[in-house]
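# Fold and geometry: a report
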Amino acid sequence: MPVLPGQRAVRARARGRVGGRRPKLTEDQAALAQRLYDEREKTVQQIADMFGVPRSTVYGHLDKTRTVPRQPKKTAVTKP
């Protein structure tokens, strides 16, 4: 008997399966990344290098409601 579209997913969920890709960072790693970023201890690139993931992954795990975007460092302009 052929399986109707969507039935595979229904049957998989009935067996306790869930879809989607597993996160690259664990909850603990994501919390550490958030803390390091919020406290300005590390840059996003440094955090990504710590966990061996790209910067986009780190940005994806940062809490957007709590995270304040970083402003570029102000450089002193000297007038002649």
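### Here's the deal with the overall build of the chain
Summing up its helical and strand segments, the chain has four helices and zero strands in all. Ordered by position from the N terminus, the helices and strands of the chain form the series α-α-α-α. A total of 80 residues make up the chain; the buried ones form 19% of that total. The contacts of the chain with a sequence gap of at least 6 include a subset with a gap of at least 24, amounting to 57%. Here the chain displays about 7,300 Å² of accessible surface, and carbon together with sulfur accounts for 53% of that area.

### Side note on the confidence of the model for the chain
The predicted model of the chain has a mean per-residue pLDDT of 84, with 80% of residues at 70 or higher. The weakest mean pLDDT in the chain belongs to helix α1 (residues 7-14) at 84; the strongest belongs to helix α3 (residues 44-51) at 95.

### Some thoughts on the side chain of Thr57
Of note, Thr57 is situated in helix α4 (residues 55-61). Apart from the residues within four sequence positions on either side, Thr57 is in contact with Lys24 and Leu25.

### Some words on unusual backbone geometry
Of note in this structure, Arg40 is not a glycine but carries a positive phi near 55°. For Arg40, the location among the structural elements is in the loop between α2 (27-38) and α3.

### Let's talk about the nonpolar core
Leu25, Ala33, Leu36, Tyr37, Val44, Ile47, Ala48, Val53, Val58 and Leu62 form the largest nonpolar core, which has ten residues in total. Contributing elements (two or more residues each) for this core: α2 and α3.

### Some remarks on the packing of α2 against α3
The interhelical angle for the contact between α2 and α3, taken along N-to-C directions, is 155°, at an axis separation of 10 Å. On the basis of their axis angle, the class for α2 and α3 is roughly antiparallel. Two packed elements cross with a definite hand, and for α2 against α3 that hand is right-handed. Every residue of α3 that contacts α2 at Gln29, Leu32, Ala33, Leu36 and Tyr37 is listed here: Val44, Ile47, Met50 and Phe51. Across the contact of α2 with α3, the residue classes break down as eight nonpolar, one polar and no charged.

Thresholds, definitions, all that
Residues numbered from 1 in each chain as written. Predicted model: local features only at pLDDT ≥ 70, side-chain atom pairs only at ≥ 80, totals over all residues. Heavy atoms only, no water. Helix = DSSP H or I, 4+ residues; strand = E, 2+ residues; numbered from the N terminus. Buried < 20%, exposed > 50% of the residue type's maximum accessible area, 1.4 Å probe, protein only. Contact = heavy atoms within 4.5 Å. Areas by Shrake-Rupley, 256 points an atom, 1.4 Å probe, with all protein chains shown as cover. pLDDT = per-residue confidence, 0-100. Core = buried A, V, L, I, M, F, W, Y, C linked by side-chain atoms within 4.5 Å. Axes fitted to C-alpha atoms, helices over the stretch in contact; angles between N-to-C directions. Parallel < 35°, antiparallel > 145°, perpendicular 65-115°, else oblique. Left-handed = near helix turned anticlockwise from the far one by under 90°. Nonpolar A, V, L, I, M, F, W, Y, C, P; charged D, E, K, R; others polar.

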